[in-house]
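Chain by chain, the residues:
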Amino acid sequence: MDNLATVTIDGRVVKVPRGMNLVEAARLAGVEIPVFCYHSKLKPVGACRMCYVAIEKVPGVVTACTTTVTDGMVVNTKDPRVVKAQQGVLEFLLANHPLDCPVCDRGGECPLQNNTFGYGGPVSRYVEPKRHFAKPIPLSRRILLDRERCILCYRCVRFQKEIAGDETLTVINRGARVEIATLPGREFDSPFSGNTIELCPVGALTSALYRFKARPWDIRSSPSLCDQCSVGCNVRVDTRNRQIVRLLSRENAAVDDGWLCDRGRFGYEFANHPDRLTQPQVREGTRLRAAEWEEALYQAAQGLRQVVSQRGPGTVGVLVSPRLANEDLYLAQRLARAVIGTSNLDYRLTPHPTVSPLRPDAASGSIVGLEKARTILILGADPLNHQPVLDLRLKKAASLGARLIVVDEKQTDLAAFARLWLRPRSGSLDTLARGLVHLILANGQVNQEFVDRRTEGIDALRARVADDTPERVAASTGVPAPLLEQAATLLATNGPASIVYDRDLGASDDGAAAVLAATDLALLTGNIGRDGAGLYPLVRAANEQGALDLGLMPRRPSPPTPSPTGGEGGHAGCPAGGMTGAEMLDALRAGQLKALYLLGVDPLRELPDDRALRDGLTGLTTLIVQDILPGPAQELATVVLPGAAFHEREGTLTNLERRVQRLWPALKPPGKARPDWQIIHDLARALGTSFDYAQASDVFAEIASVVPTYRGLTYGKVGLKGVQWPLDVASGQEAGSLYEDPGDTRLAFTPVAPSTARIV
Amino acid sequence: MPFEPIITGNVGVPNAWEIDVYESRGGYRALAKALREHQPEELVDLVSKSGLRGRGGAGFPAGRKWSLIPKGAPEVYMVCNADESEPGSFSNHELLDWDPHSLIEGVIIGSYAIRARVAFIYMRGEFWKPTGQRMEAAIAQAYARGYLGRDILGTGYNLDLHLFIGAGAYVCGEETALLESIEGNRPMPRPRPPYFPPSIGLYGKPTAVNNVETLANVPHIVLNGAEWYTRLGNPPRNPGTKVFSLSGLIKRPGNYEAPLGITLRELLFGYGGGMLDGRTFKAVTPGGTSTPLLTAEHLDVRMDYDSLPAVGTYLGSTGLIVMDDTVCIPCAVYHMSKFYQHESCGKCTPCREGTSWINAILYRITHGQGREEDMPLLLDLSDNMGGRKTVCALGDFAGFPVTSSIKYFRQEYEYHIRYGRCPTSCQPAEERQWTISQP
């Protein structure tokens, strides 16, 4: 049976999916139906009454947003009754609207202005004074409400209820006295509150940061990415007078679904900060003085050379920020390994977590794939705090029917949306996870076909969890056995199921074992390698996945150094071993490191106050600090190199679902600051290498040529929406899920006890 | 023909709200008959055949409403709309006051007919004392006697009945807003489609929403048969009786149960005792203020669901507010407009804004500041908010008194506009208070 309905809209015949509403159908037909309250991401409510249409054989006018298409429907959007009713609605809306467009943030990009221009009548016939309210009133320190401008479309209230799920906004009073309000005694404290500013079809909700800073016609807009967390939401950077004035969502359905969290939306002020580093500095006695790049790079190179020649490359360390772009990270590891000759290289300052033995070390599925899941196990992850916009995606999955199982001692935000919330006692996450493995094995809920065809090692697994009976697990975790049974049954029988956990979970002993058990659960139930079924170790930092992909850590496979002839030159001169970030800090405290290159990292800022660490940094012969803002470590630096912020440069970031996405320069870096990859390149040249990258895309081209998972990627291919690695070599298509193809290699159940499974 | 009241038979009987008194007068016999002798579908058929139409105002056939509930739906709700809030209507209130058990009996039979296992009585908040308290006590008594709860009368049928007290909003009388209210949400009507209660009602489940009077009729139909009912009132399309609420400037205001199809004249001058001495009839709201006015030329119109639309108005909730020759119609309509601007829920733009502008314009007209262009403006404004342009009918309701009064009493508006005062001795209403300025 045909799933399409044929509709005629203003004489244009279109075939649209059944069940689609008329606003969307008209869009497909190229006909605009004006709306205020309707939004494609929110449930239609038919409140503003702007989207009237006339339908043949239906009396009067009806609202398009609440009318779904039926086959043969004939719709007229220009019927005289429609025109009159729409003029009436606009007259009603404007009668109480202050018409303060010249001082309104929305002026110039305002749906009320646009619809009035397109559909409104010529004059207002009312002589009464307008409704007045005190204004604006702060709903929170970020958002102000102008109740006179508000046209009560309820988009903001509906967003908070339907999408954010927190109901932080409500409606009070009745009739013309209706107001949008927060709950009594509460402020608008949703972590997603900023989206309502963008949803507001008038200037009723305004941003405290953006208010009166600019008009839509005197800002420049550039595409960019939010670099606050690993989701990698797509943003539009609006700049004026060489400052960011606001960030807006640049909807990418695969990544952010059109939403931003407040941390991302409002967290750009660092980039405008007056203290931004604009000039290289070198140490002269007890103080730093401004220097030109040539001098600073020379000093940095000299310092490194001196330490390498006197104390050996093993006393040099390189620490990078996982917020830096792939181009920066790739050149940093090349500098460390091939130029300086050290493997003391890391992107994190804390011990590395135990991770799933599956390779590559990345989420197997996609963010959008979670919407296909019927069951999602959220194991010790708190996306609201670490990957906020993913939290919205999980809530969306739940609203689409997925059953969430939250396993966390804390009451995370998602617990309220969960079918099951298991609260294991602190330190017993591993027992609980093994208990689920045990139950699935014991209840015969194993996906035997998948296990036989794709995996190995199930017998060892069976033996290892033999003792984790529900009774014992219940006793040691405090989670009642029936809840465990329900969770195991959901996971095993209500597929596809996905498992989401915090990748850092593996840093604790019980978390490490839980992470391994999570892999076992996915394999036992065959929930890997297709949409909705995946294993998602959630990384936290904006380019943490890139750092993993490019080997920004010791004792892990690293990208081979390209040889001058174009082939892969291997790891000549790169010492084995090497220290992790945490080990480097220990060495620093013990006075064993002599030179340190900090790229966007400041251990004194990121770690608790530590006298020994400060002494260690003070005792360094060479401390090169590359950053965009001043920090405590810079006071001890021998050379300070000013980098560029995310919106001042080209580059790519890889998000938590392996999506490589591009940064674009919206502004020039301030003063003499340079993009990080360029500084590394310049430093490498000062050290006498033949690094020769004219632009960021040259670095990326080399990444694509030497890093197998990035093969086939180019800036052009990444484009505006990003690409998930790996690309299929033959077709050039991205694969949504890893482990799709059975291939020859079998996926192994965790082979050994967790204590020896630690990778690093 | 002597007329035997059907549903108001217990009104005025001492302690009629006590279950013993109710039972002694034949109460709960219909329930026993319904549950023991009928399959649910037979009851739906019975009520369909009786021709009983919804007494809430729309007159939708009650049996057909029940038959729209999908067969075999696992979760179904019965909701009794006891949110009587229409200005001029107080018939449900009296029934609830005196005879809560007849409603409970009707609710149980109706619930059984649609196979609901949970039912609600949504009662207007202002009714709490003593009506709500009596209902609460009556429900407890019915539980105690085994008419509610598990295994009712040993038939294996289970039903829980909850009394839900509203918080005082006219719009909750609109069935979808009422359901939102029960769900704990702000009562704003839901768009239909898709939210037709018989398919997507309370908590998204099929739900029958019936008026108090509709359900109070059901036990009598069960006892006496559909055939009996179809002979009452104005058959075939308007069988049965209706409780009419007479108020305003009339000799004997009060509730009167009368056959449907009774003439307006008999109702006002027979039951109501006619106008006050020396006054003449001028206008009446046939179904509360939410229906267009009738005037002296309509005195012989029959009061039922089909005769009134023929003269451009509706039976509504049969709240007849009588106005005589001392009443200034624009001032009366101004008072009505205050109600609508206060009660508009604020969801739909035309109603939210339109009700307050109508009120503001009528204020000007009745306070000596009317303009020639105000009357066409009022008519156009009412057209922009009426004609089903809003989710619920409140937008239409608010315009009805305005448009009908301009139609019949244009000269009074013109007098106000021209001379700045009332054509009668009516005093202008108090200061308008709708504009607000608050922190």
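Residues numbered from 1 in each chain as written. Chains lettered and ligands numbered in written order. Predicted model: local features only at pLDDT ≥ 70, side-chain atom pairs only at ≥ 80, totals over all residues. Heavy atoms only, no water.

### Notes on the overall build of chain B
The test is simple: Note on conventions: DSSP H or I runs of at least 4 residues are helices, E runs of at least 2 residues are strands, and numbering of each starts at the N terminus. C-alpha atoms define the radius of gyration in this analysis, and the globule rule sets the expected value at 2.2 Å times the number of residues to the power 0.38. Categorising residues by exposure relies on relative accessible area from a 1.4 Å probe, with only protein chains included: less than 20% of the type maximum marks a residue as buried, more than 50% marks it as exposed, and the intermediate range marks it as partly exposed. In this description, contact between two residues means that some pair of their heavy atoms is separated by no more than 4.5 Å. Areas reported here follow the Shrake-Rupley algorithm with a probe of radius 1.4 Å; residue values treat only the protein chains shown as occluding. In this tally Asp and Glu are treated as negative and Lys and Arg as positive; neither His nor the chain ends contributes. For charged residues, the charge sits on one atom: NZ in Lys, CZ in Arg, CG in Asp, CD in Glu.
Looking only at helices and strands, chain B has 16 helices and 10 strands in total. The C-alpha atoms of chain B give a radius of gyration of 22 Å, which matches the 22 Å a tight globule of 439 residues would have. Dimensions of chain B, computed from C-alpha atoms along their principal axes, come out at roughly 75 × 55 × 35 Å. In chain B, which comprises 439 residues, the proportion classed as buried is 60%. Put simply, 70% of the contacts in chain B that link residues at least 6 apart link residues at least 24 apart. As displayed, chain B has an accessible area near 16,200 Å², and 52% of this comes from carbon and sulfur atoms. Taking the average place of the 42 positive charges on the side chains of chain B and the average place of its 47 negative ones, the gap between the two points comes to 2 Å.

### Some words on the state of the cysteines
For clarity, the threshold we go by: Disulfides are defined as pairs of cysteine sulfur atoms found within 2.5 Å of each other.
With the rule as written, the count across this model stands at 0 disulfides over all chains. With no disulfide of its own, Cys48 of chain A lies 3.7 Å from the sulfur of Cys37 of chain A, the closest cysteine sulfur. The thiol sulfur of Cys80 of chain B is not disulfide-bonded, and the nearest other cysteine sulfur, from Cys172 of chain B, lies at 14 Å. Owing to a relative accessible area of 0%, Cys80 of chain B belongs among the buried residues under this scheme.

### A short note on the pattern of salt bridges
Residue and element names in this part refer to chain A. Rules: Here, a salt bridge means any side-chain nitrogen of Lys or Arg that lies within 4 Å of a carboxyl oxygen of Asp or Glu.
Overall, the coordinates contain 78 salt bridges over all chains when judged by the stated rule. Glu198 is paired through a salt bridge with Arg265; the nearest N and O atoms lie 2.5 Å apart. On the criterion of sequence distance, the pair formed by Glu198 in helix 5 (residues 195-199) and Arg265 in helix 6 (residues 262-266) is long-range, its members being 67 residues apart. Residue Glu198 is classed as partly exposed on the basis of its relative accessible area, which comes to 29%. Note that Asp430 and Arg434 form a salt bridge whose closest N and O atoms lie 3.9 Å from each other. With Asp430 and Arg434 both in helix 12 (residues 429-442) and 4 residues apart, the pair spans about one turn of that helix. Using a relative accessible area of 15% as the deciding quantity, one classes Asp430 as buried. Accessibility expressed as a relative area gives 24% for Arg434, which makes it partly exposed.

### Considering the packing of helix 12 of chain A against helix 16 (residues 481-493) of chain A
All names here are of chain A. This is how the line gets drawn: Every angle, taken between N-to-C directions, lies between 0 and 180 degrees, and every axis is a line fitted to C-alpha atoms, over only the stretch in contact when it is a helix. We call a crossing left-handed when the near helix sits turned anticlockwise from the far one by less than a right angle, and right-handed when that turn is clockwise. Throughout, the ten residues Ala, Val, Leu, Ile, Met, Phe, Trp, Tyr, Cys and Pro are labelled nonpolar, Asp, Glu, Lys and Arg are labelled charged, and all others, Gly among them, are labelled polar.
Where helix 12 meets helix 16, the closest approach of the two axes is 9 Å, and the angle between their N-to-C directions is 65°. Seen along the crossing, helix 12 lies across helix 16 with a hand that is right-handed. Note on element contacts: helix 16 touches helix 12 through Leu484, Glu485, Ala487, Ala488, Leu491 and Ala492, opposite Leu432, Leu436, Leu439 and Ile440. For the contact of helix 12 with helix 16, the per-class residue count stands at 9 nonpolar, no polar and 1 charged.

### Observations concerning helix 16 of chain A
All names here are of chain A. The following threshold applies: For a helix, the expected span equals 1.5 Å multiplied by the residue count minus one. In this description, the arc belongs to the directions extending from the helix axis to the C-beta atoms.
With 13 residues, helix 16 extends 18 Å between its outermost C-alpha atoms, agreeing within 8% with the 18 Å of an ideal straight helix rising 1.5 Å per residue. Burial in helix 16 covers these residues: Leu484, Ala487, Ala488, Leu490 and Leu491. For helix 16, the angular spread of buried residues about the axis comes to 160°, placing them on one side. Residues Pro482 and Thr493 are exposed on helix 16 and point more than 90 degrees away from its buried face.

### Thoughts on the sheet that holds strand 27 (residues 651-654) of chain A
Residues and elements named next belong to chain A. Under the convention used in this document: Whether two strands pair depends on DSSP finding at least two bridges between them.
An order of 27-28-29 is seen for the 3 strands of this open sheet, with the pairing classed as antiparallel. Two strands in the sheet have a free side with no partner beyond their single neighbour: strand 27 and strand 29 (723-724). Sheet contacts for helix 9 (residues 326-340): strand 27 and strand 28 (659-663); angle to strand 27, the most-contacted strand, approximately 90°.

### Concerning the domain arrangement of chain B
Residue and element names in this part refer to chain B. Worth spelling out the cut-off: Domains are outlined according to an automatic or database domain assignment. Buried area: the accessible surface (1.4 Å probe) lost by two parts on joining, summed over both.
In terms of domains, chain B is made up of domain 1 (19-230), domain 2 (238-324) and domain 3 (329-431). Between domain 2 and domain 3, the C-alpha centre-to-centre distance is 22 Å. Listed as interface residues are 14 residues of domain 2 and, on the opposing side, 13 residues of domain 3. When the two sides are added together, the surface that domain 2 and domain 3 hide from each other amounts to roughly 1,100 Å², 69% of it contributed by carbon and sulfur. Per-residue buried area on domain 2 facing domain 3 is highest for Lys282, Ser290 and Leu293; these three make up 47% of the total on that side. With a closest N to O distance of 2.5 Å, Lys282 and Glu412 form a salt bridge.

### What to know about the interface of chain B and chain A
For clarity, the cut-off: Whenever two N or O atoms come within 3.5 Å, that pair is a polar contact, provided that in protein one can donate a hydrogen and the other can accept it, and provided that, for residues adjacent in sequence, both atoms are side-chain atoms.
With 42 residues of chain B at the contact, the number on the chain A side is 42 residues. Roughly 3,600 Å² of surface becomes buried between chain B and chain A when both sides are summed, with 52% attributable to carbon and sulfur atoms. Run the count over chain B and chain A and you get 6 salt bridges. In this structure, Arg174 of chain A engages Glu343 of chain B in a salt bridge whose closest nitrogen and oxygen atoms are separated by 3.2 Å. Along the contact surface separating chain B from chain A lie 20 residue pairs in polar contact (both at pLDDT 80 or more). Among the residues forming the side of chain B that touches chain A, the class breakdown is 16 nonpolar, 14 polar and 12 charged.

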